[in-house]
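The residues making up each chain are set out below.
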Amino acid sequence: PVPDQRYTNALHIDPTHPDKWLVGTEAGVFSYSARNEHWQPSDLIGTPVRALLAACGRFWAASDDRGVLQSEDGLRWERAGDEITGAIYALHDTGSTLLVATQNGLFFGDGTSPWTRTGPRLVATCVTSASHSPEAWVFGASPGGLWHSRDRGAHWQQIGHFKHVRVVLAPEES
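As a starting point, this report considers the structure included with it. (Residues numbered from 1 in each chain as written. Predicted model: local features only at pLDDT ≥ 70, side-chain atom pairs only at ≥ 80, totals over all residues. Heavy atoms only, no water.)

Judged by nonpolar contacts, the single largest core of 14 residues is most densely connected at Trp-60, Val-68, Ile-84, Ile-88, Leu-91, Val-100 and Trp-115. When contributions to this core are tallied by element, the ones reaching two or more residues are strand 5 (49-55), strand 6 (58-63), strand 9 (88-93) and strand 10 (98-102). In terms of residue count, strand 5 provides more of this core than any other element does, 3 residues in total. Ala-90, Phe-108, Trp-137 and Trp-147 belong to the second largest nonpolar core, which has 12 residues in total. (Core = buried A, V, L, I, M, F, W, Y, C linked by side-chain atoms within 4.5 Å. Buried < 20%, exposed > 50% of the residue type's maximum accessible area, 1.4 Å probe, protein only. Helix = DSSP H or I, 4+ residues; strand = E, 2+ residues; numbered from the N terminus.)

In structure tokens, the structure reads:
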């Protein structure tokens, strides 16, 4: 049966098994097998999950009240790093660092050590970097606009006069 959840916030197709999908909902993470059309709840239930990511050989989930979580199989989840309080809206892998956009600003780390906050304290709704320049980070805030760092978050500059930014995309590779 299909999970009866109010909203689906994130959908992630397993890069190594394209017939397996992870779905982040208002009630947690569910796994779907397209091969046998079967839904399975994970043990990350009872919290909204706003973002999913595959990086560093693991799956990552961003929750409203349990911080960032990691899983090897998408079914059994454990906390990644120390606790980040408040809602988490986006995750991004620079290739060497995980970026976490939260209601309390932007954080970065590796998922094993404590997370480090960087940039202005705004509601960070989205975050990205360019694969050819992973030290350059961009995040959007709502309200708060668009912010850019060229040095892995050491210094930040506001770009333009945007008030609300909800999506930023990395440049396409040519």
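Now for the pattern of salt bridges. This model, assessed by the stated rule, comprises 5 salt bridges. Between Glu-26 and Arg-50 there is a salt bridge, with the nearest N and O atoms lying 2.6 Å from each other. Within this pair, whereas Glu-26 is found in the loop between strand 2 (20-25) and strand 3 (28-33), its partner Arg-50 is found in strand 5, the two being separated by 24 residues in sequence. By relative accessible area, which is 26% here, Glu-26 ends up partly exposed. For the salt bridge of Arg-76 with Asp-73, the shortest nitrogen-to-oxygen distance reads 2.3 Å. The class of Arg-76 is exposed, set by a relative accessible area of 56%. On the accessibility criterion, Asp-73 (18% relative accessible area) is buried. Overlapping salt bridges, with partners in common, bring together Glu-26, Arg-50 and Asp-64 in one network. (Salt bridge = Lys/Arg side-chain N within 4 Å of Asp/Glu carboxyl O.)

Our focus in this paragraph is the sheet that holds strand 4 (residues 38-45). Taking strand neighbours across the sheet as the criterion, the 4 strands line up as 1-2-3-4 in an open arrangement whose pairing is antiparallel. If you trace the sheet from one side to the other, it starts and ends with strand 1 (8-13) and strand 4, each paired once. Taken pair by pair, the neighbouring strands of this sheet meet at an average axis angle of 20°, ignoring direction. With 5 bridges joining them, strand 3 and strand 4 adopt antiparallel strand pairing. (Pairing = 2+ DSSP bridges. Axes fitted to C-alpha atoms, helices over the stretch in contact; angles between N-to-C directions.)

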